[in-house]
Amino acid sequence: MGIAGVLRPLLRRVADCARWPTCSEKGGWPTTMSTDSFPFTVGDFECMALSDGVFAYPPQSFFANAPKDRLEQALRDHRIQPGPMSVPWTCLFVNTGQHRVLVDTGGGPGSPPSAGNLLRNLQAEGIEAASVDRVILTHGHPDHIGGNTDAEGWLAFPNARYVMWEEEWQFWTGEPNLSALEVDEGFKQIMLTLARANLPPIQGQLELIDRETEIVPGIRAIPAPGHTLGHTALAVCSGKDEFLYLADAVLHPIHLQAPGWYPAFDLMREEAETTRRGLLRRAAADRALVLFSHFPFPGLGHVFKMEDTWQWQPIGS
Ligand SMILES: [Zn+2]
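Predicted model only: the values in this text are computed from it and were never measured. (Residues numbered from 1 in each chain as written. Predicted model: local features only at pLDDT ≥ 70, side-chain atom pairs only at ≥ 80, totals over all residues.)

**Q** Can you help me understand the overall build of the chain in this one?
**A** Along the backbone of the chain there are seven helices and 14 strands. Out of the 317 residues in the chain, the part that is buried amounts to 46%. A separation threshold of at least 6 residues defines the contact pool for the chain, and within that pool the share at least 24 residues apart is 70%. (Helix = DSSP H or I, 4+ residues; strand = E, 2+ residues; numbered from the N terminus. Buried ≥ 20, exposed ≤ 12 C-beta atoms within 10 Å, placed from the backbone. Contact = placed C-beta atoms within 7 Å.)

Quick look at the structure:
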């Protein structure tokens, strides 16, 4: 695949996580983290971060323009061992009471062996795929749409309406130009192949959006272009609680201190940095709970302003 090394996911469930802690409850987070699922609440909404697995990336692919010595220092500061970096693929389930919403579908049957576990992890939590009535796709990358279909090519969430940003849909279902990406041809082929396999089948149940809009009551799409053309973030609000699902707008906690170090996967670097800074500013100002798809699982925490940059405070730490 052109990317060295894959890691087996740690498949250990922790019984402590069975209850639903509230994000406004001080000290209410489980002290032992499950590596597969993490329940939390936002107002009246029951939410769950769900692991699809992990994948090992060369650190340079996340920080393509970082000076070597500064990157090595940043990796040491974050206690990241030299060599391929194990990165989670995390999805989200939200039960609003009215709707059962899945955000992103993981890598699905086309995943490397270390990922593609979302369906199994949903089932382990008693969430039947057929009970999901909305699937929101933040963007068309393989780790976010690969689970739209099952191994036989049938829709994995047969009763759901699938929601995606219109430009994003058109980009991936047209003739995507990936020349701006600094990734090898093999990886581009994986992107194209999985988009072709996983987007056309949802067409009959597709809802396209082209502006900031409420997808279901309490879940609002926020345009967050740059990582891809129509990359979409979400604001989830219930009662006084606000939760931001920022997907791949920020790929790694190191980007909070170095928001200009762009990932090789960003299609439009300048827009991506503007989006990154804008969403970090908003997350810090709102003191919102935030989830990033590729931060250490469950990817949940808060963003704090630190002079010109930001700092990540994961929950449970
Ligand atoms: Zn991703």
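**Q** Looking at this structure, how should I read helix H1 (residues 68-77)?
**A** A turn of α-helix holds 3.6 residues, and therefore any two residues three or four places apart point the same way. With one of ten residues buried, H1 is to be regarded as a mostly surface element. One or two steps after H1, the chain reaches arginine 79, where phi turns positive at roughly 55°.

**Q** Would you mind showing me how to read unusual backbone geometry here?
**A** Most peptide bonds are trans, and most residues other than glycine sit at a negative phi. Residue proline 298 is reached from phenylalanine 297 by a cis peptide bond, and omega for that bond is 5°. Relative to the assigned elements, proline 298 resides in the loop between strand S12 (289-292) and strand S13 (300-306). A positive phi angle is found at alanine 247, which is not glycine, with a value near 50°. Among the structural elements, alanine 247 can be located in strand S11 (residues 241-247). For glutamate 307, which is not glycine, the phi dihedral falls at a positive 50°. Tracing the sequence through the fold places glutamate 307 in the loop between S13 and strand S14 (309-314). Among the residues examined, glutamate 307 registers 6 C-beta atoms within 10 Å and is labelled exposed.

**Q** Hey, could you run me through the nonpolar core in this one?
**A** Generally speaking, a soluble globular protein has its nonpolar side chains buried in company with each other. Membership of the largest hydrophobic core comes to 85 residues, with the highest contact counts inside it found for Leu92, Ala233, Tyr245, Leu246 and Val290. Looking at this core element by element, the count peaks at eight residues for strand S2 (residues 45-57). When near neighbours in sequence (up to four residues on either side) are disregarded, leucine 246 contacts Ala233, Leu279, Val290, Leu291 and Phe292. (Core = buried A, V, L, I, M, F, W, Y, C linked by C-beta atoms within 7 Å.)

**Q** Looking at this structure, how should I read the sheet that holds S12?
**A** Each strand in a sheet pairs with another by means of backbone hydrogen bonds, the pair being arranged parallel or else antiparallel. Read from one edge of the open sheet, seven strands run S8-S9-S10-S11-S12-S13-S14, paired in mixed fashion. At either end of the open sheet lies a strand with only one pairing partner, and these are strand S8 (213-216) and S14. Across the sheet, the mean angle from the axis of one strand to that of its neighbour is 35°, orientation sign disregarded. In the packing of helix H7 (residues 269-286) onto the sheet, the strands contacted are strand S10 (232-238), S11, S12, S13 and S14, and the crossing angle to S13 comes to about 95°. (Pairing = 2+ DSSP bridges. Axes fitted to C-alpha atoms, helices over the stretch in contact; angles between N-to-C directions.)

**Q** How do you make sense of the confidence of the model for the chain when you look at a structure like this?
**A** Detailed conclusions should not be drawn from predicted coordinates in areas where pLDDT is low. Summing up the model confidence of the chain, the mean pLDDT is 89 and the portion of residues at 70 or higher is 89%. This model gives residues 1-31 a pLDDT under 50, and the stretch forms 64 contacts once residues within four places in sequence are excluded. (pLDDT = per-residue confidence, 0-100.)

**Q** In this structure, what is going on with the pairing of strand S6 (residues 161-165)? I would like to understand it.
**A** For a regular strand, the rule is simple: side chains alternate between the two faces of the sheet. Along S6, four of the five residues are buried, which leaves the element largely enclosed by surrounding structure. Direction of pairing for strand S5 (residues 134-136) relative to S6: parallel, over a ladder of three bridges. The partner of arginine 134 across the bridge, within S6, is arginine 161. In this sheet, strand S7 (residues 206-209) lies alongside S6 in parallel orientation, the contact comprising four bridges. When the bridges of S7 are listed, tyrosine 162 appears paired with leucine 206.

**Q** Explanation requested: the sheet that holds S2 in the structure shown.
**A** Reading across from one edge, S1-S2-S3-S4-S5-S6-S7 is the order of the seven strands in this open sheet, with mixed pairing throughout. Two strands close off the open sheet at either side, each with one partner strand: strand S1 (37-42) and S7. Recorded for the sheet is a direction-independent mean angle of 25° between the axes of neighbouring strands. Sitting on the sheet, helix H4 (residues 166-173) is in contact with S6 and S7, with an inclination near 90° to S6.

**Q** How do you make sense of H4 when you look at a structure like this?
**A** Considered for burial, the residues of H4 that qualify are Glu168, Trp169, Phe171 and Trp172. All buried residues of H4 fall inside an arc of 165° around its axis, so they share one side. For H4, the secondary structure elements touched by its buried residues are S6, helix H5 (185-198) and S7. (Arc of directions from axis to C-beta.)

**Q** Quick question: what am I supposed to make of the environment of phenylalanine 38 here?
**A** Tracing the backbone shows phenylalanine 38 in strand S1. Phenylalanine 38 gets classed as buried once you count the C-beta atoms within 10 Å, which come to 26. C-alpha separation for the pair phenylalanine 38 and glycine 299, spaced 261 residues apart in sequence, amounts to 9.7 Å.

**Q** Please clarify how the pairing of strand S3 (residues 85-95) should be interpreted in this entry.
**A** Counted residue by residue, S3 has nine buried out of eleven residues, so it is predominantly covered. In this sheet, S3 lies alongside S2 in antiparallel orientation, the contact comprising eleven bridges. Paired with glycine 53 across the strands is tryptophan 89, a residue of S3. Connecting S3 to the antiparallel partner strand S4 (residues 100-103) that follows it, the hairpin turn spans four residues, and glycine 97 within it adopts a positive phi of roughly 100°.

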